[in-house]
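Summary of the model geometry
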Amino acid sequence: MGKVEEFEELRPLLFSIAYRILGSVGEAEDAVQETWLRYDASRTRPVSAKAFLSATVTRIAIDVLRSARVRREKYVGPWLPEPLLDDPYEDPARAAELADSVSMAALLLLERLSPLERSVFVLREVFAFGFAEIAAAVGRSEAACRQLLVRARRHMHEGRPRFEADRQERQDLARRFFEALTQGDVDGLQNLLSADAQLIGDGGGKAPQLARAVTGAENVARLLATVYPLMARIDITFEPHEVNGQPGALFRDRDGKILHILALDTLDGQIQTIRAVINPDKLSHLGPVADAWAVDQEAKQTRRTR
């Protein structure tokens, strides 16, 4: 097998590692591309292409994350990961770990870790790499990596997200949620939300966004029941779709451009958290992006007219 074929076979794994470390589709794709350039420029063939490429993409992702942390400290409003609709890497033996680790809730927990802790946790807990491979990837001893993993596990387990175990139950709950949303049914929405439900929006200062998270089933239900029927009047539509392994939807303007994405965290038959990504920079990898400011102005004008 040639270098190109080896790399392309491992590309899904490399992207999945980088995305979990970075929480950004664009940055993960760039890290994978840089990994290829280094592999192509290497004069010797490694004994294990998987080990070499995984270590390379991890080191690149660590460097990118360190600089990204500075940018995120100055981010306008809540920061959410870039939505991922389909994880390219599949491993039936690790299906549960892969699904849990890509959720927005899990990625936000990973943000609490240092770049090294995050990388060790991802490589070990999600992809089951051996400590020798992890040590080579992060440039630390095996003993140091074990300590990094202990600290990372402690942080993750303190706030580890839990979701509905049954996928069909999650999908049924999401279907009822979007039906109530379409109808502007306040009571219907409230019945589907946990008492302490939250609505969190990420516009990054580049799109209309909530001033702060909205908390409480009644508050969230009333806001959603007011906004979305109004959006429907100006031809905003949505498509149910899994977002980061959880139920969600893509919302589009009348020209089919992506306006924003909703992702739902569910537990015990109720929706715990609704996350809305509307920052256009975080949606561009999905296709043409709508002008959220223009949509917002049209919605306000429609409300005044009515």
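Here the residue index of a chain counts from 1 through its sequence in written order. The predicted nature of this model means local features are confined to residues of pLDDT at least 70 and side-chain atom pairs, given and counted, to a pLDDT of 80 or more, with totals for whole chains, interfaces and linings taken over all residues. Side-chain descriptors were evaluated using all non-hydrogen atoms of the structure, hydrogens and water having been removed beforehand.

Before going further, it helps to examine the sheet that holds strand E5 (residues 258–267). Any two strands with at least two DSSP-identified bridges between them are counted as paired. What counts as a helix is a DSSP run of H or I of at least four residues, what counts as a strand is a run of E of at least two, and both are numbered from the N terminus. Spatially, 6 strands are ordered E2-E1-E6-E5-E4-E3 in an open sheet, and the strand pairing comes out mixed. Taken across any chain shown, the strands that pair with only one partner, and hence form the sheet edges, are strand E2 (214–215) and strand E3 (237–240). Seen against the sheet, helix H11 (residues 217–233) touches strand E1 (193–202), E2, strand E4 (248–252), E5 and strand E6 (270–277) and runs at an angle of roughly 50 degrees to E1. Only heavy atoms enter the contact rule, under which two residues are in contact if any of them lie within 4.5 Å. Every angle, taken between N-to-C directions, lies between 0 and 180 degrees, and every axis is a line fitted to C-alpha atoms, over only the stretch in contact when it is a helix.

Multiply 1.5 Å by the residue count of a helix minus one, and that product is the helix's expected span. When the terminal C-alpha atoms of H11 are compared, their 25 Å separation across 17 residues agrees well with the 24 Å that a helix rising 1.5 Å per residue should span. Categorising residues by exposure relies on relative accessible area from a 1.4 Å probe, with only protein chains included: less than 20% of the type maximum marks a residue as buried, more than 50% marks it as exposed, and the intermediate range marks it as partly exposed. Regarding H11, the residues found buried are Ala-217, Val-220, Ala-221, Leu-224, Ala-225, Tyr-228, Pro-229, Leu-230 and Met-231. Positive phi shows up at Asp-235, right after H11, with a value of about 70 degrees.

Each aromatic pair joins two rings of Phe, Tyr and Trp (for Trp, the six-membered one) with centres within 6.5 Å, and gets the label stacked for planes under 30 degrees apart, edge-to-face for over 60, and tilted for any other angle. Summed over all chains, the structure comprises 9 aromatic pairs. Seen from their ring centres, Trp-36 and Tyr-39 are 6.3 Å apart, and the 70 degrees between their planes marks the pair as edge-to-face. Taken as a pair, Trp-36 and Tyr-39 lie in helix H2 (residues 25–41) at a separation of 3 residues, close to a single helical turn. The pair Trp-36 / Tyr-39 is uniform in exposure class, with both members buried. Ring pairing ties together the aromatic residues Phe-177, Phe-178, Tyr-228, Phe-238 and Phe-251, which thus form one cluster. In this structure, Lys-50 packs its charged tip against the face of Phe-129, placed 5.4 Å from the ring centre. The lysine or arginine in question, Arg-146, covers the ring of Phe-131, its NZ or CZ lying 4.1 Å from the ring centre. For a ring to carry a charge above it, either NZ of a lysine or CZ of an arginine must fall within 6 Å of the ring centroid while also lying within 35 degrees of the normal to the ring plane.

Here a salt bridge means any side-chain nitrogen of Lys or Arg lying within 4 Å of a carboxyl oxygen belonging to Asp or Glu. Throughout the structure, instances matching the rule amount to 22 salt bridges. Across the salt bridge formed by Arg-71 and Glu-27, the nearest N and O atoms sit 2.6 Å from each other. You can see Arg-71 sitting in helix H3 (residues 49–73) and its partner Glu-27 sitting in helix H2, a full 44 residues away along the chain. We note a salt bridge from Arg-151 to Glu-117, for which the minimum N-O separation is 3.1 Å.

To continue, consider unusual backbone geometry. The backbone phi angle of Asn-244 is positive, close to 50 degrees, even though this residue is not glycine. Tracing the backbone shows Asn-244 in the loop between E3 and E4. You will see that Asp-268, though not glycine, has its phi angle at about 55 degrees, which is positive. Position of Asp-268 among the secondary structure elements: in the loop between E5 and E6.

What follows concerns the nonpolar core. To form a nonpolar core, buried Ala, Val, Leu, Ile, Met, Phe, Trp, Tyr and Cys residues must be joined to one another through side-chain atoms within 4.5 Å. Counting 49 residues, the largest nonpolar core has Ile-17, Tyr-19 and Phe-127 as its most contacted members. Only helix H1 (3–22), H2, H3, helix H4 (95–102), helix H5 (104–110), helix H6 (115–126), helix H7 (131–138) and helix H8 (142–158) provide two or more residues apiece to this core. Counting 36 residues, the second largest nonpolar core, distinct from the first, contains Ala-180, Tyr-228, Met-231 and Ala-290.

Now for H6. Note that an α-helix has 3.6 residues per turn; residues three or four places apart therefore point the same way. Between its first and last C-alpha, H6 extends 16 Å over 12 residues, near the 16 Å set by a 1.5 Å rise per residue. When you tally the buried positions in H6, you get 10 out of 12 residues, the bulk of the element. Listed as buried for H6 are Pro-115, Leu-116, Glu-117, Arg-118, Ser-119, Val-120, Phe-121, Val-122, Leu-123 and Val-126. Those residues of H6 hidden inside the fold are in contact with H1, H3, H4, H5, H7 and H8. Where H6 ends, the next residue or the one after it, Ala-128, has phi of about 60 degrees, a positive value.

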